[in-house]
Amino acid sequence: MSMVEVQPSTPAGMTMAPPPRRRILPGWAIFALGIVAVVLVLATTSYLTGEPALTSSSTMQNTVTLGLPILLCGLGGIWAERSGMINIGLEGMMILGTWGAAFGGLHGGPWLAVLLGAVFGALGGVLHAIATVTYGVNHIVSGVAINLLGAGVAKYLSTLIFEPLSDNPRDSPPIERFDTFSAGGFSDWLGDLESQQRVVISDVAGLTRGLVTRVSPMLIIAILLVIATYFVLWHSRFGLRLRSCGENPIAAESLGVNVYLHKYLAVIASGALAGVGGAALVLGSSPSIYSEGQTANRGFIGLAAMIFGNWRPGGTLAGAGLFGYADGLRLSSGPETVHALLYAAVITAGALVIWQLFRRKWTTAALAAVGAVVVYALYYATDELPTEFLPYTPHIITLVVLALAAQRLRPPAADGVPYRRGEGD
Amino acid sequence: MTDTDVDPATTSDTPAVPAVALAGITKRFPGVVANSDVHLSVRVGEVHALCGENGAGKSTLMKILYGMQPPDEGTIEVDGKQVRFKSPSDAIRAGIGMVHQHFMLADNLTVLENVVLGAEGMYGIGKRARARIRDLAGAVGLDLDPSTLVERLGVADRQRVEILKVLYRGAKIVILDEPTAVLVPQEVDELFDTLRTMRADGYTFLFISHKLDEVRAIADSITVIRRGTTVGTVDPKTVTSRQLAEMMVGSELPSPETRTSTVTDKEILRVDGLTLRTPDGRPLLDSLDLVVHSGEVLGIAGVEGNGQTELVETIMGIRKAAGGKVLLDGRDLTKAGTLARREAGIGYIPEDRTRHGLLLTQPLWANRILGYQTRRPTSRGAFLDVAGARKDTRRIVEEFDVRTPGIEVAAASLSGGNQQKLVIGRELSGEPVLLIASHPTRGVDVGAQAAIWDHIRNARAAGLAVLLVSADLDELIGLSDSIKVMLRGKFVADAEPSSVTPEDLGCAMTGAGVVDDSGLLVTDQTADGGTP
Amino acid sequence: MNARLRSSLLAPALAILFSALLCAVALLASGANPGSALKVMIGQVGEGQVAVDIVNSTAIYILAALAAAIGFQMNLLNIGIEGQYRVGALVAAIVGGALALPPMLHWLVIILVAAVAGAAWATLPAILKVTRGVHEVLSTIMMNAIAFGLAAYLIRRDNFGILIGNNVSTKPIPESGQVPGIDLGDRGTIFGLVFLSVVAAAVYGVVMNRTRFGFELKASGLSPTAAAAGGVNAKRMIVVSLLVSGAIAGLVGLPEILGRDHAYTLNFATGYGFAGIGIALLGRNHPVGIAFGSLLWAFLDKSKVALDNVGVPREIATIMQGAIVLSVVVSYEIVKRVELAAEQRKVGQAMGTATEPAGSSS
């Protein structure tokens, strides 16, 4: 059972090939177009609702800070799922990572924090791998157990080691952060543009400024990991073998691939990435401490980002950006701005309606139109969303994304399928 | 049986050293001996066929040759040198490649990726690999961009990719496991042409099949296996299909012939204009009409994948028809769900009992309840009657000769034949008016097969209507009162079991049959089972 | 039958043993004495209200585990129990506080409302699963988080909350809605709804093993294809299973609310959902197994306080719970594999027939 069920393809034997999927543009072009579209929507919304915070540099910075842990967990999800292993335990591995990061940070600064975060997350990965790969335990059950264990172990170790230092069993003392970079003059110039409040230009300026001011090495690390994931998984021998384990492990076995080994490595890498995500979380918090419950289900949101990204690094980056943005907006401004997001949703829905009409998909267009009307009514009827729901905006958006996106996805074909050596035909 | 070693009739000079020689191969599993003292010798540059029934041991033998299993006894020689394979990699290194019956391809990966997987060290995974694939692709008749995703390929092209995989790794000896099982006739011809060309280039083929007419068309020599041992090796030019079949099965072929007609006038099943479509709108079932009367067995003949499974599942209500009607004894069941259809009196023997007929981990009496959870004796209203289920299961075990130590064992512990007998016993116990039997003796040993035929015949004599789908043409001809041939979702011919031969049906099934004005198949009057 | 019983007990026993060992190691590593920790844990049962507390907690855990087990029977992981019980408890408390009905009727209404609210919170994940194929794990986790938001929103002072002392809570349920318990004086009061748990467990056992619905549910979980051929409507089963699971989850908060607090407050407990999942796994979805597992869980829970008093980190109990979950599923797998191989061999030998070994065809 995989995370999302895909419609079955043509039955074997009916020898007509399935209709070709036309890819008119290469991946990076679609990505670029997507960014342009998003910026336009945000700019329009910002202008029409009078909420500059939507595209301000502080929002962007928050997006980065909050999006990084999600991105890293999403990447961890990709590594695991591409080898056919569902990793629900990312949350637990991230928790272990936050603890490891705090511990490392106390003893050796931010770099050791990142390293130990990865190590601790990887340990969680090892446990998951042993249970699921060697013993064939249901992936999801094992993941749930790892989440329980991760939380328990972190709490335990925290009481043992942090409490004497911070007098609080729940928190660690603050650790040293990374030094941040700023693009100096460029950043100031963008700041000027931003404050001028000119349509589109200021928006772009604001968003860009957020990306080049007070940039933490964590962002660079994360981007490098995204690129590395892409190259390793899609352009290397190891990656090919790993992906084959997730697509057809029996075929891979018959060709001499050591499926168990690749699954192990994938899950451990997955845990390590979640651990780095935990480190990012700790280093990005203020104060930069380990705190009980700070992960707040971000591991699961990372999985949602991965599904949103169709199990690809670029898409996951986009998904993490989306979820990070929702989180970041709330932090940087307040309920009124999040309220304005409803308006953005209306615009997006409207665009969707037009596109579907263009493709002559009447029902989908009608549904999107109804959705747009409902959201607009909500926007109009309320001045602000209740504050109690704000911390859960990412979760609500995740649900919406999952509901809408499920149909067009291609998870790895053998994702979640239990595999035992020698069970081939 | 005769053990004939035939002189090669090929014109090329006969090398003394065979490409592959298996001697004395024995392999045991817990409770069963799969191979016993098997001898096989394949000459270089020949197409050598390995024939045998289901369960005869062909697959196990090939797994041993390909390194997937070690033999318990015996030797393997390749090009005269004795070898021991610990894994498929060793076999590949020795120049042996295997094209599995069920393709081992990853749909979401490209042709290139599928081919180089596991052999990345040979030509890398980039330009050099691409070039090598282009070179070899011509040999197998594959003409497309290696960056194509495999999911876009049709069945015949996928098979070519499988052969390509094998050649890429330097195989000179290629094992083909039931390669024609999923091909339509034109594709079979193309495949055989490819094999002939490659044979001329020096490749050696080991061809596993139980389709005797095809085997005779392509093979240079045929080795027959029965119950785990070699029966003999023959020259296809000197034996008939019938003789081969008898070598495969041993004594007299069991003959399911039915003599007296018990067909009545009462219509039990009527299907009108039944249509089923894929999500893209293509028809899987194209406006089908059929009628089955009480006491009649209607057989459906066709190459697998032409809609038979879909037809059966639509009549059972597992798939939702896009159009048309299904009537049982006058009642319109078109909108009814599977449970309602079963309750109306349909019994169903699915083609894959492990996936559709049984709960493998559950005891036999729990399996008795499956499908009957709303009826006596297994249930009373909303509650189950476990005692009743147990009692009836014991009855079935006895009446249908299901060999089992008890009714508390899990269904998975029974052999295939006994599992099938249990299913049939269950499906006949609800006193159905219609029995849908899909490949009822697939994977069943010969003794159980005869028993199953008897049960079907008895039920038919008692007035049961039977819809029979089978790939075993002898079974179909022997049991049916009338036959319809199905091709690409349509009925293309009717046939008279009393006069039609398997060859005639084979023609019709592959689109080469000729029908008269009333749709009846024009049969070839040659009574002998010789080369068509 | 005895062999079966023995093998079903073997796996959980192994798991508990292994986890206990693990915790002993962890304790040693932190400088505490496992032996004395165990003594303290057991000894405290006899003191004060601990025994009654354990019984009350067991009842709550049983309900949570039953909710999880219904999902598991169909291979559905209802992680959403956390959110469903929160919503169920809150809505029931609000309604209970707002109504005035004669005693028995009052609690029955509250119980009903809790179940319906819990089921309602499970509806969206159920619909998403059957219509869009969204995996219930992700959707229920999101619903859990949103439930926190909803609870915070509803308990706002300008909505349904009122200030009582330093605590915000819903309007207290009047006496007619309070379920009496068994008062043992100094030893504490056993919640009246403990009986509800016991009844629920019994009903669950009967339904699963003796009714058509239970059979169809289990069959759908074991082999969706065989179940479909046997006339079971898979999609309907998924929705029903998730809704029933949600309904029972909604009841989880009631023993405390109706038996002790009489209102939903900010201090409302968390963590029952995951505990329920762990216990259902430990108890193999079997009502007796669940009962014992709940007892064990409750025992471990209460021992946290006692451990604190002797300076042992109380998280040991949490780690033990997590370790049990993991080791129990691993040991079930191992036991299952060993058993299946043995049974196949036995049948093959007894019958002398050719049993097809797994993985080989013709």
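**Digging into the domain arrangement of chain A**
Residue and element names in this part refer to chain A. Under the domain assignment used here, chain A contains domain 1 (51-180 + 216-310) and domain 2 (334-411). The gap between the C-alpha centroids of domain 1 and domain 2 is 29 Å. Facing the 10 residues of domain 1 at the interface are 12 residues of domain 2. Tallying contributions element by element places helix α11 (residues 298-308) first for the side of domain 1 that touches domain 2, with four residues. Looking at the side of domain 1 that touches domain 2, its residues break down into six nonpolar, two polar and two charged.

**A closer look at helix α10 (residues 234-251) of chain C**
With 18 residues, α10(C) should reach 26 Å at 1.5 Å per residue; the first-to-last C-alpha distance of 26 Å fits that figure. For α10(C), the tally of buried residues reaches 13 of 18 residues, placing the bulk of the element in the interior.

**Things to note about the interface of chain C and chain A**
How big an interface is tends to be expressed through the accessible area that disappears when the partners come together. Counting residues at the interface gives 41 residues for chain C, matched by 43 residues for chain A. Looking at the side of chain C that touches chain A, the elements that each hand over two or more residues are α5 (103-132), α6 (136-154), α12 (272-282) and α14 (315-351) of chain C. Among the elements that make up the side of chain C that touches chain A, the one with the highest residue count is α14(C) (13 residues). For the side of chain C that touches chain A, a count of residues per class yields 26 nonpolar, 12 polar and three charged.

**Examining the packing of α5(C) against α6(C)**
All names here are of chain C. The interhelical angle for the contact between α5 and α6, taken along N-to-C directions, is 155 degrees, at an axis separation of 9 Å. As the angle between them shows, α5 and α6 are arranged roughly antiparallel. The handedness of the crossing between α5 and α6 comes out as right-handed. Across the interface between the two elements, Trp121, Leu124, Pro125, Leu128 and Lys129 of α5 pack against Glu136, Ser139, Thr140, Met143 and Ala147 of α6. By residue class, the composition of the contact of α5 with α6 is six nonpolar, two polar and two charged.

**A closer look at the packing of helix α3 (residues 90-134) of chain A against helix α10 (residues 259-284) of chain A**
All names here are of chain A. Where α3 meets α10, the axes come as close as 7 Å, and the angle between the chain directions of the two elements is 145 degrees. When you trace α3 past α10, the crossing you get is right-handed. Class assignment of the residues belonging to the contact of α3 with α10 gives a composition of 28 nonpolar, 14 polar and one charged.

**Some points on the environment of B:Asp272**
Residue and element names in this part refer to chain B. As for its placement among the helices and strands, Asp272 is situated in strand β11 (residues 267-277). Along the primary structure Asp272 and Glu53 are separated by 219 residues, whereas in three dimensions their C-alpha atoms are 37 Å apart. The contacts of Asp272, once residues within four sequence positions are left out, are Asp289, Gly324 and Lys325.

**Focus: helix α4 (residues 81-98) of chain C**
Compared with an ideal rise of 1.5 Å per residue, which puts 18 residues at 26 Å, α4(C) spans 25 Å between its outermost C-alpha atoms and is within 8% of the ideal. Across the 18 residues of α4(C), 17 count as buried, placing the element largely inside the fold.

**Overview of the nonpolar core**
Ranked by internal contacts, the top residues of the largest apolar core, which has 393 residues, are B:Ile436, C:Ala64, C:Leu66 and C:Ala92. Counting residues per element, this core draws most heavily on α3(A), at 21 residues. In this structure, C:Ala92 is in contact with C:Ile110, C:Val113, C:Ala114, C:Ala117, C:Leu254 and C:Ile257, ignoring residues within four places of it in sequence.

**Overview of the pairing of β11(B)**
Residue and element names in this part refer to chain B. Across seven bridges, β11 lies against strand β12 (residues 283-293) in antiparallel orientation. The residue of β12 that forms the bridge with Val271 is Leu290. The pairing of β11 with strand β14 (residues 323-328) spans five bridges and is classified as antiparallel. Bridge pairing in β14 places Arg270 opposite Leu327.

**Some details on the environment of B:Leu176**
By secondary structure assignment, the location of B:Leu176 is in strand β7 (residues 173-177). Apart from residues lying up to four places away in sequence, B:Leu176 is in contact with B:Val99, B:Phe205, B:Leu206, B:Phe207 and B:Ile208.

**Concerning the sheet that holds strand β2 (residues 32-42) of chain B**
All names here are of chain B. If you walk across this open sheet you meet the four strands as β2-β1-β4-β5, and the pairing is antiparallel. Looking at the sheet topology across the chains shown, the edges are occupied by β2 and β5 (81-83). Mean inter-strand twist for the sheet, computed between neighbouring axes without regard to direction, equals 30 degrees. Alignment of strand β1 (residues 20-29) against β2, held across seven bridges, turns out to be antiparallel. Bridged to Ala21 within β2 is Ser41.

Definitions and limits used
- Starting afresh in each chain, residues are numbered from 1 along the sequence in its written order.
- As they are written, the chains are lettered A onward and the ligands numbered 1 onward, keeping that order.
- Reporting in this predicted model follows two pLDDT cut-offs: at least 70 for local features of residues, and 80 or more for side-chain atom pairs to be given and counted; totals over whole chains, interfaces and linings ignore these cut-offs and use all residues.
- Where a domain begins and ends is set by an automatic assignment or by a domain database.
- Whether two residues are in contact is decided by their C-beta atoms, placed from the backbone, lying within 7 Å.
- Each helix is a run of H or I in the DSSP string that is no shorter than four residues. Each strand is a run of E no shorter than two, and both are numbered from the N terminus.
- Any residue outside Ala, Val, Leu, Ile, Met, Phe, Trp, Tyr, Cys, Pro, Asp, Glu, Lys and Arg is labelled polar, Gly included; the first ten of those are nonpolar and the last four are charged.
- Here the expected span of a helix is defined as 1.5 Å times the quantity of residues minus one.
- Partly exposed residues are those falling between the two cut-offs: more than 12 but fewer than 20 other C-beta atoms within 10 Å of their own, whereas 20 or more means buried and 12 or fewer means exposed, with C-beta atoms placed from the backbone.
- Lines fitted to C-alpha atoms define the axes here, with helix axes fitted over just the stretch in contact, and angles between the N-to-C directions of these axes take values from 0 to 180 degrees.
- Put simply, angles under 35 degrees are roughly parallel, angles over 145 are roughly antiparallel, angles from 65 to 115 are roughly perpendicular, and the rest are oblique.
- Two helices that cross are described as forming a left-handed crossing if the nearer one is turned anticlockwise from the farther one by less than a right angle, and a right-handed crossing if clockwise.
- Connectivity within a nonpolar core runs through C-beta atoms within 7 Å, and the core itself is a set of buried Ala, Val, Leu, Ile, Met, Phe, Trp, Tyr and Cys residues.
- For two strands to be treated as a pair, DSSP must find at least two bridges joining them.

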